[in-house]
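# Architecture at a glance
Letter by letter, the chains look like this.
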Amino acid sequence: VTANATAGEVRVNANTNFGGTTSSLFVSNTAARVGIGGIVNPQTALHIQGAVYSTGDVTAFYTSDERLKKDVVRIEDPLEKVRWLNGVEFTWDNEKISQLENVGPKPERDIGLIAQEVEKVFPHAVTERDDGYKAVDYSKLVPVLIEAIKELSYRLNIVEAELEDKYRSSSR
């Protein structure tokens, strides 16, 4: 443990049981920032390198105020884009996952999407991690799903109106 009262900083370094790697915690009281896992210059209030696990609820919000956005347009052809995605059930390869630094153990069976498929339709919803593996930001797919549902609702209203018209004309 090292402390620098003048700078308002505390650093904790420790060797772990995971191949002798060093973990660290950096706290800056003056900047009100915490860095974990080798982050010594945190850019946000909490900056973590590695996977995060919680035994309790995690609440997060994503800034979405219209005053911060420019060139806003509706998502084109959302239903067609959703058709390109395949929801899948799968088994994680925990042997490979255990070799990765920033990914923790996964449940045996899981559901999700294939990042490479998502990337073809929504490249901004996929990121490539430092280890070369791809990850999906599922929250970025929510607006597309909302627009796809609205499109289906619109189409259903048209079909219902046509059926009602046919029913009225046949009952005369």
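## Things to note about unusual backbone geometry
Non-glycine residue Asp 71 carries a positive phi angle of around 55°. By the element assignment, Asp 71 lies in the loop between β5 (46–48) and α1 (78–83). Even without a glycine there, the phi angle at Asp 77 is positive, about 50°. Within the secondary structure, Asp 77 sits in the loop between β5 and α1. Residue classification places Asp 77 among the exposed residues on the basis of a relative accessible area of 53%.

## Description of a nonpolar patch on the surface
Residues Val 10, Val 12, Leu 25, Ile 36, Leu 46, Ile 48 and Val 52 make up a contiguous nonpolar surface patch of roughly 500 Å² in combined accessible area. The set of elements that each furnish at least two residues to the nonpolar patch consists of β2 (9–15) and β5. Positionally, Ile 48 belongs in strand β5. Overall, the relative accessible area of 31% leaves Ile 48 in the partly exposed class.

## A word on the confidence of the model for the protein
This prediction gives the protein a mean pLDDT of 85; 92% of its residues lie at or above 70. Looking across the protein, the model is least confident in β2, with a mean pLDDT of 70, and most confident in helix α3 (residues 115–121), with 97.

## A closer look at the environment of Gly 104
By secondary structure assignment, the location of Gly 104 is in the loop between α2 (94–97) and β7 (109–112). Looking at Gly 104, the relative accessible area reads 10%, which means it is buried. A sequence separation of 51 residues divides Gly 104 from Tyr 53, and the C-alpha atoms of the two residues are 8.3 Å apart. Not counting residues up to four positions away in its chain, the partners in contact with Gly 104 are Ala 51, Tyr 53 and Ile 97.

## Looking at the pattern of salt bridges
This structure, assessed with the given rule, holds 9 salt bridges. Here Lys 150 makes a salt bridge to Glu 147, at a shortest N to O gap of 3.0 Å. Of this pair, Lys 150 and Glu 147 both sit in helix α4 (residues 142–170), 3 residues apart, roughly one helical turn. Since its relative accessible area comes to 41%, Lys 150 is described here as partly exposed.

## A short note on the side chain of Glu 147
With a relative accessible area of 14%, Glu 147 lands in the buried category. Within the structure, the side chain of Glu 147 is placed 2.3 Å from the side chain of Arg 74, a separation counted as a polar contact. Discounting chain neighbours no more than four positions away, the residues touching Glu 147 are Arg 74, Ile 75 and Pro 78.

## Some words on the environment of Ala 115
Relative to the assigned elements, Ala 115 resides in helix α3. Classification of Ala 115 by relative accessible area gives buried; the value is 8%. Sequence separation of Ala 115 and Val 73 is 42 residues, and the distance between their C-alpha atoms is 25 Å. Beyond its immediate sequence surroundings of up to four residues, Ala 115 is in contact with Val 126, Lys 134, Ala 135 and Val 136.

Definitions and limits used
Residues numbered from 1 in each chain as written. Predicted model: local features only at pLDDT ≥ 70, side-chain atom pairs only at ≥ 80, totals over all residues. Heavy atoms only, no water. Helix = DSSP H or I, 4+ residues; strand = E, 2+ residues; numbered from the N terminus. Buried < 20%, exposed > 50% of the residue type's maximum accessible area, 1.4 Å probe, protein only. Patch = residues over 30% accessible without salt bridge, like charges linked within 9 Å, V, L, I, M, F, W, Y side chains within 5 Å. Areas by Shrake-Rupley, 256 points an atom, 1.4 Å probe, with all protein chains shown as cover. Salt bridge = Lys/Arg side-chain N within 4 Å of Asp/Glu carboxyl O. pLDDT = per-residue confidence, 0-100. Contact = heavy atoms within 4.5 Å. Polar contact = N/O pair within 3.5 Å; in protein donor to acceptor, adjacent residues only side chain to side chain.

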